[in-house]
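Here is what each chain is made of, one letter per residue.
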Amino acid sequence: DARVTQTPRHKVTEMGQEVTMRCQPILGHNTVFWYRQTMMQGLELLAYFRNRAPLDDSGMPKDRFSAEMPDATLATLKIQPSEPRDSAVYFCASGLPGTGTGNTEAFFGQGTRLTVV
Amino acid sequence: GQQVMQIPQYQHVQEGEDFTTYCNSSTTLSNIQWYKQRPGGHPVFLIQLVKSGEVKKQKRLTFQFGEAKKNSSLHITATQTTDVGTYFCAAPRGGSEKLVFGKGTKLTVNP
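Keep in mind that this is a model prediction, so the values were computed, not measured. What you see as residue numbers is a count from 1 along each chain, following the sequence as written. Chain A is the first chain written and ligand 1 is the first ligand written, with later ones labelled in order. pLDDT decides what is reported in this predicted model: residues at 70 or higher carry local features, side-chain atom pairs at 80 or more are listed and counted, and totals for whole chains, interfaces and linings draw on all residues regardless. Derived side-chain values reflect all non-hydrogen atoms in the structure, with water molecules and hydrogen atoms excluded from consideration.

A.B. asks: Is there a simple way to think about the nonpolar core in this case?
C.D. replies: One recurring pattern in soluble globular proteins: nonpolar side chains tend to sit buried together. By nonpolar core is meant a set of buried Ala, Val, Leu, Ile, Met, Phe, Trp, Tyr and Cys residues that side-chain atoms within 4.5 Å join together. Burial status follows relative accessibility: with a 1.4 Å probe on protein chains alone, a residue under 20% of its type maximum counts as buried, one over 50% as exposed, and anything between as partly exposed. By size, the foremost hydrophobic cluster in this structure holds 22 residues, and its most contacted members are A:Trp34, A:Leu77 and A:Tyr90. Where helices and strands are cited, they refer to DSSP runs of H or I of at least four residues and of E of at least two residues respectively, numbered from the N terminus. For this core, the elements supplying multiple residues, two or more each, are strand E3 (19–24), strand E4 (31–38), strand E5 (42–50), strand E7 (65–71), strand E8 (74–79), strand E9 (88–95) and strand E11 (112–116) of chain A. Counting 20 residues, the second largest nonpolar core, distinct from the first, contains B:Phe19, B:Leu29, B:Ile47 and B:Phe63.

A.B. asks: I would appreciate a short explanation of the pairing of E3(A) in the present structure.
C.D. replies: Residues in a regular strand point their side chains to alternate faces of the sheet. Strands are labelled as partners when DSSP assigns at least two bridges between them. Relative to E3(A), strand E1 (residues 5–7) of chain A is paired through 3 bridges, and the arrangement is antiparallel. From the neighbouring strand, A:Thr7 faces E3(A), where its bridge partner is A:Arg22.

A.B. asks: What should I look at first to understand the state of the cysteines in this one?
C.D. replies: Covalent bonding between the sulfur atoms of two cysteines defines a disulfide. Residues and elements named next belong to chain B. Disulfides are defined in this document as cysteine sulfur pairs within 2.5 Å. Enumeration according to the criterion identifies 2 disulfides over all chains in this entry. Disulfide pairing places Cys-23 opposite Cys-89 at an S-S distance of 1.9 Å. An S-S torsion of about 65 degrees defines the bridge between Cys-23 and Cys-89 as right-handed. Taken together, the residues span a long stretch of sequence, with Cys-23 in strand E3 (residues 19–25) and Cys-89 in strand E9 (residues 85–92) at a distance of 66 residues. Of the two residues, Cys-23 and Cys-89, both sit in the buried class.

Put into structure tokens, the structure is as follows:
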């Protein structure tokens, strides 16, 4: 049963600490998205990769957030230093390129619930 | 940037009643997707609409894409308690494949 795997599922950390979230996309998927979900803002797109290259990270606060794909089986989202306002659920999603005018269907992981105190 | 506006934000219905959520864009969309997120869960893909005026059905769910490809709707007939969750529309931004999500409609169903 192919699925996107995210670790950790839950993370509580103190303000100022570094947080690293990991995502294993579905094997063969070459598109990876990072989203942040909060009650106020909903699902915000933070970054988007194709074939491990970052195509767009304009939704990400550059001063503290960074996203990488060290290899095709791992995507990471790092926050350094973390702040209480970063508390949210972070979702990774993967997919295949769309065809024609269709888009890639995004398969979401179960998310990492981050709490910064 | 391009946004998709979704209404209503919340909808409470009695089991058996119908439910509709709407998604609107100020610009023409190449396609639109719909997702469902159960409480405590993650978004799960439901369907994608590509063609102008397209209508697709999945059992009690009917999805429509407007003629101008600027709006879409999801209609659920005779809701059940299993329909509880938040329904999102999502569309690519600016000709890319970046999926931008609406704020969602949270559906609660009273048994």
